[in-house]
Amino acid sequence: MGSRTPAGRDCRAPATASIVGREGMDAVKPHFALIPPMAAALLAASAALGIAADAGKGSAKAALCAPCHGAAGVSRYAEIPHLAGQQRDYLIAEMKSFRRATDPQAPTRHWNRRRDRIMDHQLPGISDDDIESLAAHFAGQSCALPASLGEQTLPGLARRCISCHGEDGRSAIATVPHLAGQQPRYLENQLRAFRDSRGSDDQPRTRIDPIMGHQTVMLGDADIAALAAYFSGRRCR
Ligand code: HEC
Ligand code: HEC
């Protein structure tokens, strides 16, 4: 059984995420349409204040994400990523990718596709505005330090990664994610998904991206584990 969250919702530990049934997912499904009109009016009023206000709006909605991603954007679950301190533009792109997965109007063969049997149910119908304020909120939080510092020497295999993700896993490119301090099992799952998703959306986890598909095509499972261990063991600050 998964652990009980403070909110009393059953956010199952990712080790058992594959057996979360529809009920489990519905229990944590955000209902953006149910935000009370008063709160919505306050949020709308703060829009004029720009990015800081954006982050403020996001923090109200982020309560819906907290059972899984943590109240401060730092996840306690091995298969659920930390969002704190992640690149804002990258977070926006990923949320839009998950939203496309359940949008009947969206093109089915988009070049960047992402499906996950849990996240697919978190963002249906969310507005661009909500996506931007949530991204600003999480990007502005203090990133998670690694549970343990990993192997200090850059593995030979990681040389090709650092031009985009940075030697210490801190990317200087807005659309490329930071990897430093991220949950190692989550990183492994993503690398396997990039490598193994072959245009099919039917798997429990599908992730299609032309750059990362190319980067992972030659990697074996042991390579993936070593790369995940290296980058998750970097200090993000
Ligand atoms: C029931 C648990 C759950 C809830 C609630 C949840 N998420 Fe997630 N989230 C996940 C899981 C699991 C993944 C990893 C999916 C994968 O492996 O591809 C994820 C991944 C993500 C990612 C991708 C991060 C990255 O580094 O690529 C973003 C962004 C995200 N979630 C945002 C949100 C936001 C915003 C909310 C609240 C509106 C939310 N999630 C609510 C479980 C959840
Ligand atoms: C040419 C630039 C580039 C190179 C080189 C590159 N990446 Fe990436 N990486 C990206 C981009 C862009 C994304 C976001 C993809 C998406 O939107 O799905 C990404 C995403 C990822 C993610 C997902 C992180 C998350 O939070 O979900 C992991 C893990 C990753 N890369 C690891 C690696 C590793 C390991 C290597 C080396 C073998 C590597 N990357 C090489 C550009 C690059």
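The text that follows walks through the structure, step by step, so that each part is easy to find. (Residues numbered from 1 in each chain as written. Chains lettered and ligands numbered in written order. Predicted model: local features only at pLDDT ≥ 70, side-chain atom pairs only at ≥ 80, totals over all residues.)

### Describing the overall build of the protein
Let me state the cut-off plainly: Secondary structure elements follow DSSP: runs of H or I no shorter than four residues count as helices, runs of E no shorter than two count as strands, and numbering proceeds from the N terminus. Burial is judged by counting the other C-beta atoms within 10 Å of a residue's own C-beta: 20 or more makes it buried, 12 or fewer makes it exposed, and any count in between marks it as partly exposed, with every C-beta position built from the backbone. Contact definition: two residues whose C-beta atoms, as placed from backbone geometry, lie within 7 Å.
Within the protein, the secondary structure is distributed over 10 helices and two strands. In sequence order, the protein lays out its α and β elements as α-α-α-α-α-β-α-α-α-β-α-α. Burial analysis of the protein (237 residues in total) assigns 38% to the buried set. Across the protein, every contact between residues at least 6 apart in sequence was considered, and the portion connecting residues at least 24 apart equals 68%.

### Let's talk about the environment of tyrosine 186
Structurally, tyrosine 186 can be placed in helix 8 (residues 184-196). Each C-alpha atom of the pair tyrosine 186 and isoleucine 80 lies 6.2 Å from the other, and the pair is 106 residues apart in sequence. Setting aside chain neighbours within four positions, we find tyrosine 186 in contact with Ala78, Glu79, Ile80 and Pro81.

### Remarks on the packing of helix 5 (residues 88-101) against helix 6 (residues 128-139)
Using the following cut-off: For helices, the fitted axis covers only the stretch in contact; all axes are lines through C-alpha atoms, and the angles between them, taken along N-to-C directions, range from 0 to 180 degrees. In this scheme, roughly parallel covers angles under 35 degrees and roughly antiparallel covers those over 145, while 65 to 115 is roughly perpendicular and the rest are oblique. Crossing handedness follows the turn of the near helix against the far one: under a right angle anticlockwise gives a left-handed crossing, and clockwise gives a right-handed one. For this scheme, ten residues count as nonpolar: Ala, Val, Leu, Ile, Met, Phe, Trp, Tyr, Cys and Pro. Four count as charged, namely Asp, Glu, Lys and Arg, and the remainder, Gly too, count as polar.
Orientation of helix 5 relative to helix 6, taken along the N-to-C sense of each, is 135°, at an axis distance of 9 Å. Overall, the two elements helix 5 and helix 6 adopt an arrangement that is oblique. For the pair helix 5 and helix 6, the sense of crossing is right-handed. Judged by residue contacts, Arg88, Leu91, Ile92, Met95 and Lys96 of helix 5 engage Ile131, Glu132, Leu134, Ala135, Ala136, Phe138 and Ala139 from helix 6. Class assignment for the residues of the contact of helix 5 with helix 6 results in nine nonpolar, no polar and three charged.

### A look at the site of ligand 2
Put simply, the test is: Using a C-beta atom placed from the backbone, a residue is scored as near a molecule or strand whenever that atom is within 6 Å of it.
Lining the immediate surroundings of ligand 2 are 21 residues, of which Cys161, Cys164, Pro177, Asp209 and Gln215 lie closest. Of all the secondary-structure elements, those providing two or more residues to the shell around ligand 2 are helix 7 (162-165), helix 8 and helix 9 (210-216). Residue classes in the shell around ligand 2 are distributed as 12 nonpolar, six polar and three charged.

### Focus on helix 10 (residues 221-232)
Defined as follows: To estimate the expected span of a helix, subtract one from its residue number and multiply by 1.5 Å.
Across its 12 residues, helix 10 extends 16 Å between first and last C-alpha, which sits within 8% of the 16 Å expected from 1.5 Å per residue. Buried residues of helix 10: Ile224, Leu227, Ala228, Tyr230, Phe231 and Ser232, and no others. In this structure, the buried side of helix 10 is in contact with helix 8.

### Description of the nonpolar core
Side chains of a nonpolar character, in soluble globular proteins, are inclined to be buried together. Our working definition: Here, a nonpolar core denotes buried Ala, Val, Leu, Ile, Met, Phe, Trp, Tyr and Cys residues that are linked to one another through C-beta atoms within 7 Å.
The biggest cluster of nonpolar side chains holds 36 residues, and the ones touching the most others in it are Met95, Ala135, Phe138 and Phe231. The leading source of residues in this core is helix 6, at six residues. Excluding its chain neighbours within four sequence positions, the residues that come into contact with phenylalanine 231 are Gly169, Leu179, Ala180, Gln182 and Leu187.

### Considerations on the environment of leucine 157
Here leucine 157 shows up in the loop between helix 6 and helix 7. A residue is classified by how many C-beta atoms lie within 10 Å of it, and leucine 157, with 15 of them, is partly exposed. Separated by 66 residues in sequence, leucine 157 and aspartate 223 have C-alpha atoms that sit 7.6 Å apart. Contacts of leucine 157, omitting those with residues within four sequence positions, involve Asp223, Ala226 and Leu227.

### Section: the pairing of strand 1 (residues 113-116)
Sheet faces and side chains relate simply in a regular strand, where the side chains alternate between the two faces. Just so we agree on the cut-off: Strands qualify as paired when DSSP identifies two bridges or more between them.
What you see with strand 1 is no split at all: Arg113 and Arg115 on one side and Arg114 and Asp116 on the other are buried throughout. Looking at chain direction, strand 1 and strand 2 (residues 205-208) are connected through four bridges and run antiparallel. Looking at the pairing, arginine 115 lines up with threonine 206 of strand 2.

### Quick look at the environment of serine 133
Its place among the elements puts serine 133 in helix 6. Residue class for serine 133 comes out buried when judged on the 25 C-beta atoms lying within 10 Å of it. Sequence separation between serine 133 and alanine 62 is 71 residues, and the spatial gap between their C-alpha atoms is 9.4 Å.

### What to know about the packing of helix 8 against helix 10
Interhelical geometry of helix 8 versus helix 10 gives an angle of 135° and a closest axis separation of 9 Å. Overall, the two elements helix 8 and helix 10 adopt an arrangement that is oblique. As helix 8 packs across helix 10, the resulting crossing turns out to be right-handed. Contacts between helix 8 and helix 10 involve Pro184, Leu187, Glu188, Leu191 and Arg192 from the first element and Ile224, Ala225, Leu227, Ala228, Ala229, Phe231 and Ser232 from the second. Residues belonging to the contact of helix 8 with helix 10 are distributed by class as follows: nine nonpolar, one polar and two charged.

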